[in-house]
Amino acid sequence: NAGVTQTPKFQVLKTGQSMTLQCAQDMNHNSMYWYRQDPGMGLRLIYYSASEGTTDKGEVPNGYNVSRLNKREFSLRLESAAPSQTSVYFCAISDRGNTGELFFGEGSRLTVL
Amino acid sequence: GENVEQHPSTLSVQEGDSAVIKCTYSDSASNYFPWYKQELGKGPQLIIDIRSNVGEKKDQRIAVTLNKTAKHFSLHITETQPEDSAVYFCAASFSGSARQLTFGSGTQLTVLP
């Protein structure tokens, strides 16, 4: 039982390149989230999905797109990477979004040169 | 929107001593206050939470206190052990929804043997 699985764990991109971060869960939770973590800034919500087929912007959505492919999978895409997107990205899940508890993946460290 | 400030950013204690991390929040409507622990190379994990209808909650060596009037809440760890070394994040939200969570900037706790 892996919980929340993120791929890749590490990635280096050049400015302007695109990439997709993948997230898959096996806990059958409805809500999925993408956060970014930067030093001294805590965790900031990029996008979230309350259920399959729905997505909504969080605090810092600019430069990102998401897809909720099915109940298990939620991907984050950077169409044209910028150095400001260098960060650690976390996928998280919660049950219906109302219990408060988030279950996080182990993170994906992205460096944009 | 909600703003959560967390102090200190780093904290070193001797093994066996107590550690206290403090957070203040700005939105008086916030009523759910979780604490997450992030070990090196891992995603954050919920360790304790409190809702605004109580002033204190304990779970073994960990306790959280809430002062709604002053809009601050604190994490207390007693009898610290080396495995308590980690980054700790406070957060606040209205209605307990994970979607609404605003995180503090984090505290790096180091327990010295």
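Every value quoted in this text rests on a predicted model; they were computed, and no experiment measured them. (Residues numbered from 1 in each chain as written. Chains lettered and ligands numbered in written order. Predicted model: local features only at pLDDT ≥ 70, side-chain atom pairs only at ≥ 80, totals over all residues. Heavy atoms only, no water.)

Visitor: How would you sum up the pattern of salt bridges? Please name residues and give values.
Guide: The full count for this structure, using the stated rule, is eight salt bridges over all chains. Linking Glu 106 of chain A and Lys 9 of chain A is a salt bridge whose minimum nitrogen-to-oxygen distance equals 3.9 Å. Highlighted residues: Glu 106 of chain A in the loop between β10 (103–104) and β11 (108–112) and Lys 9 of chain A in the loop between β1 (4–7) and β2 (10–13), separated in sequence by 97 residues. The class of Glu 106 of chain A is partly exposed, set by a relative accessible area of 39%. Arg 77 of chain A is paired through a salt bridge with Glu 79 of chain A; the nearest N and O atoms lie 3.1 Å apart. Salt bridges linked by common partners bring Lys 9 and Glu 106 of chain A together with Lys 42 of chain B together as one network. (Salt bridge = Lys/Arg side-chain N within 4 Å of Asp/Glu carboxyl O. Helix = DSSP H or I, 4+ residues; strand = E, 2+ residues; numbered from the N terminus. Buried < 20%, exposed > 50% of the residue type's maximum accessible area, 1.4 Å probe, protein only.)

Visitor: Break down the sheet that holds strand β3 (residues 19–25) of chain A for me, citing the residues and quoting the values.
Guide: Hydrogen bonding along the main chain pairs the strands of a sheet, whether they run parallel or antiparallel. All names here are of chain A. The four strands lie next to each other as β1-β3-β8-β7, forming an open sheet whose pairing is antiparallel. The open sheet has two free edges, formed respectively by β1 and β7 (65–68), since each of these has just one partner strand. Averaged over all adjacent pairs, the angle separating strand axes in this sheet is 15°, with direction ignored. As defined by bridge partners, β1 adjoins β3 across four bridges and the pair is classed as antiparallel. Along β3, the bridge assignment pairs Gln 6 with Cys 23. (Pairing = 2+ DSSP bridges. Axes fitted to C-alpha atoms, helices over the stretch in contact; angles between N-to-C directions.)

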